[in-house]
Amino acid sequence: MGKGDTNMIPNEHAIMIYKFNENRWIEKILEGKLSFSCAGAFIAQAKHTGNIIQGDKFEGVFARQHKDNPKIVIMRKKLGKDLEEIPDGDYIFLRRRSAKLKPIFCVFAYTANDAIKDGNPQTTGRQRVRLNFDRRLFDGFANESVKNVISTSHLFTVVLLQPKPFVDKITAALIQKGVPFELHAVRYQDIHKDEFFVEPTEKYPELFIKSEQYAYQHEARICLTHEKLSNIFKRYPIDIVKFNQDDYRVIHNAIQVEFTADFQEIPETL
């Protein structure tokens, strides 16, 4: 791991991808059947069930502006009925209604940068790194504490997916179908402090921004930018090539992960 060397993993690239869910949904993924949800579903979940691990009532906001900021008027003219305004004291959150219906598929993506942060290497060379998952991941996405399930389909399940096969399979399927998409890690920031603004474009960059309170989820997303669900309860299915057994590992308990990483200092080039 380093900076700029083609023989090393770029720091922003995922080295491990995880998905937390009940066994029945993980099995579907491994069979090559992906199901995309949408931000609107996450918003509704936070509002109506109180689950703020899977749910987030501020999903998809592209701005928080003081109520006197002229950008609000500009966005009203630009977006018209697509603009949703969410009062927040002296501020207003702005969101596109269309953003709430864009199909999204989410994973936990652990990057080389994350390994550098967790390993905190003081010297170059190989060393052990521990990835400690936040307990909320085990309880919020599939309840690991429920031991006596009647059917194996409801078992708590974590799947480790090799990043390259996962990315290659899904991007190949979407390109073949001619479905435009964006694939990025989520950027976490304090969206509740002062003002922020992200220009709303056809690539829907606001769907890759979340409150810093969710940073423990290490989320990466695939967003189908030109598709639209008819309502928040619908799903968007995509078939990809089935995963080979070498591409994944399945676990049914809460886990900790330790691995060996080779840290190298890459000299800056002039």
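Let me begin by describing the structure that accompanies this report. Since the model is a prediction, treat every value here as computed from it, not as a measurement. (Residues numbered from 1 in each chain as written. Predicted model: local features only at pLDDT ≥ 70, side-chain atom pairs only at ≥ 80, totals over all residues. Heavy atoms only, no water.)

With that out of the way, let us pick up the overall build of the chain. The number of helices and strands found in the chain is 6 helices and 16 strands. Its C-alpha radius of gyration of 20 Å places the chain within 12% of the 18 Å reference for a compact globule of 270 residues. Summarising its shape, the C-alpha atoms of the chain cover approximately 60 × 55 × 40 Å along the three principal directions. Taking all 270 residues of the chain together, 46% fall into the buried category. Long-range contacts, defined here as pairs at least 24 residues apart, represent 77% of the contacts in the chain between residues at least 6 apart. Roughly 14,800 Å² of accessible area belongs to the chain as shown, and the carbon and sulfur atoms make up 50% of that amount. (Helix = DSSP H or I, 4+ residues; strand = E, 2+ residues; numbered from the N terminus. Rg over C-alpha atoms; globule rule 2.2 N^0.38 Å. Buried < 20%, exposed > 50% of the residue type's maximum accessible area, 1.4 Å probe, protein only. Contact = heavy atoms within 4.5 Å. Areas by Shrake-Rupley, 256 points an atom, 1.4 Å probe, with all protein chains shown as cover.)

Here Lys102 shows up in the loop between strand E5 (91-96) and strand E6 (103-111). Of the side chains with opposite charge, Glu227 comes closest to the buried, unpaired Lys102, at an N-O distance of 7.9 Å. Contact partners of Lys102, with chain neighbours within four places excluded, come to Ser37, Cys38, Ala39, Tyr204, Leu207, Cys223, Leu224, Thr225, His226 and Glu227. (Lys, Arg positive; Asp, Glu negative; His and termini not counted. Salt bridge = Lys/Arg side-chain N within 4 Å of Asp/Glu carboxyl O.)

Turning to its location among the elements, Glu227 is positioned in the loop between strand E13 (219-223) and strand E14 (236-239). Considered as a pair, Glu227 and Val179 are 48 residues apart in the sequence and their alpha carbons are 7.9 Å apart. Ignoring any residue separated from it by four or fewer positions in sequence, one finds Glu227 in contact with Leu101, Lys102, Pro103, Val179 and Tyr236. Here the side chain of Glu227 touches Tyr236 through a polar contact of 3.3 Å, side chain to side chain. (Polar contact = N/O pair within 3.5 Å; in protein donor to acceptor, adjacent residues only side chain to side chain.)

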